[in-house]
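Observations on chain architecture
Residues per chain, in single letters:
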Amino acid sequence: MKYTQLGRTGLKVSRLVLGTMNFGPQTDEAGSHAIMDAALDAGINYFDTANVYGWGENKGRTEEIIGNWFAKGGERRDKVVLATKVYGNMAADGNAWPNHDKLSAVNIRRAVDASLKRLRTDYIDVYQFHHVDRRTPFEEIWQAIDVLVQQGKILYVGSSNFPGYKIAQANEIAARRGGTIGLVSEQCLYNLAERRAEMEVIPAAQEYGLGVIPWSPLHGGLLGGVIKKEVEGGRRAGGRAAAALADTAIRAQVQSYEDLLDKHGVEHGETALAWLLTRPGVTGPIVGPRTAEQLDSALRAVELELSEDLLTGLDEIFPGPGPSPEAFAW
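As the structure is a prediction and not an experimental result, all values here were calculated from the model.

Glancing now at the confidence of the model for the protein. Put simply, the protein has an average pLDDT of 96, and 99% of its residues get 70 or more. When pLDDT is averaged over each helix and strand of the protein, the minimum, 85, is found for helix 9 (residues 239-245) and the maximum, 99, for strand 5 (residues 81-86).

This is the structure in structure tokens:
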């Protein structure tokens, strides 16, 4: 495994981040524990989750699965850089009681303690805001975070799904308060097929020293050889990939992508991950394996070297917006 610093911090993390959203809904506890053991054995030390994972009436279940894995001992907790998130409505029916969601100081305090209990640990390495809270000022948010840092319950803070201007606003207010490190990472939707983050989110993250953690690196399976699987095995695409392929222009684009990778003799999903690892500012993409085989495929991406010819071809098929701010202007 290869490692890098998380943004401007001294925290060393793996170039792949283990996403756990499937733990519970798609993968049972035993299977989830096996995947975490395999990830740790392979050198992945950065695990990402959220308080809402498990979904519906099972919200919080994913954190519980991770907590039970930590409880097995073997220095599991000490070896893991643990990241979880706050913001979501934790009510099973979606009807949150007032102050039981978003980023008020009241909910942050409540949510941290609940996550610590489920995770069976006494601290969270990276506590992430899952979304922008338009109603809560950052002065209040940072005051709540400062208390938690002083209590030793969290060490660093990150964001997720923030636009560039909110990254700037959050860190400027943190700097004015003094003594607050501010955001150190941003999780954003970023992959070959979805490159809008290059316009402002990634430049803002680089300017303020945030590590970029792309989620959905295969764009819901669209970049994982979906057409080839459909032709060879009759396996139909689902979810986001199916909706995208219904557009004939996108289907033609994905076909060109698969043809290019077949020409170069490389695997589709591994290439999509390897491409992200070449991008400026990217710490590492989140991979969410449902099986050990999917984890093995993701691990191979770390060692995959993409030729200049292949990188050029990928840019031709999936052109980015161009440099910022020129992408906005012309």
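Still more ground to cover, so stick around.
Orientation of helix 2 (residues 61-70) relative to helix 4 (residues 105-119), taken along the N-to-C sense of each, is 50°, at an axis distance of 6 Å. On the basis of the axis angle, helix 2 is oblique to helix 4. Each of Glu63, Glu64, Ile66, Gly67 and Phe70 in helix 2 lies in contact with helix 4, whose residues at this interface are Ser115, Arg118 and Leu119. Looking at side-chain class alone, the contact of helix 2 with helix 4 contains three nonpolar, two polar and three charged residues.

Moving on: the nonpolar core. Proteins that are soluble and globular tend to have nonpolar side chains buried together. Core analysis: the biggest nonpolar cluster contains 51 residues, and Ile108, Tyr127, Phe129, Trp142, Ile145 and Tyr257 have the highest contact counts within it. For this core, the element with the highest residue contribution is helix 5 (residues 138-150), accounting for six residues. Formed by 24 residues, the second largest nonpolar core is a distinct cluster that contains Phe23, Leu277, Val287 and Val302.

We now examine the layout of surface pockets. In this structure, the largest pocket encloses a volume near 1200 Å³. Contributing to the lining of the largest pocket are 40 residues, with Leu218, Gly220, Gly221, Gly288 and Arg290 lying nearest its centre. Every element with two or more residues in the lining of the largest pocket is listed here: helix 8 (226-233), helix 9, helix 11 (268-277), strand 10 (286-287) and helix 12 (292-303). If you tally residues by element for the lining of the largest pocket, the top one is helix 12, at four residues. Here the residues of the lining of the largest pocket sort into 14 nonpolar, 18 polar and eight charged. When its volume is computed, the second largest pocket comes out at roughly 210 Å³. Forming the walls of the second largest pocket are Asn161, Phe162, Pro163, Glu186, Cys188, Leu189, Glu194, Arg196, Ala197, Glu200, Val201 and Trp215. Examining the composition of the lining of the second largest pocket, we find that three residues originate from one element, strand 8 (residues 183-189), more than from any other. Tallied by class, the residues present in the lining of the second largest pocket amount to seven nonpolar, one polar and four charged.

Between the first and last C-alpha of helix 5 there are 18 Å, a value that for 13 residues agrees with the 18 Å anticipated at 1.5 Å per step. Turning to helix 5, its buried residues are Phe138, Ile141, Trp142, Ala144, Ile145, Asp146 and Leu148. In this structure, the buried side of helix 5 is in contact with helix 4, strand 6 (124-129), strand 7 (154-160), helix 6 (164-177) and strand 8.

The rules behind these values
- Residues numbered from 1 in each chain as written.
- Predicted model: local features only at pLDDT ≥ 70, side-chain atom pairs only at ≥ 80, totals over all residues.
- Heavy atoms only, no water.
- pLDDT = per-residue confidence, 0-100.
- Helix = DSSP H or I, 4+ residues; strand = E, 2+ residues; numbered from the N terminus.
- Axes fitted to C-alpha atoms, helices over the stretch in contact; angles between N-to-C directions.
- Parallel < 35°, antiparallel > 145°, perpendicular 65-115°, else oblique.
- Contact = heavy atoms within 4.5 Å.
- Nonpolar A, V, L, I, M, F, W, Y, C, P; charged D, E, K, R; others polar.
- Core = buried A, V, L, I, M, F, W, Y, C linked by side-chain atoms within 4.5 Å.
- Buried < 20%, exposed > 50% of the residue type's maximum accessible area, 1.4 Å probe, protein only.
- 1 Å grid on protein atoms, 1.4 Å probe; cavity = no way out; pocket = protein on both sides within 12 Å on 5 of 7 lines; lining within 4 Å.
- Points joined across faces, edges and corners; volume = space filled by probe spheres on them.
- Expected span 1.5 Å × (residues − 1).

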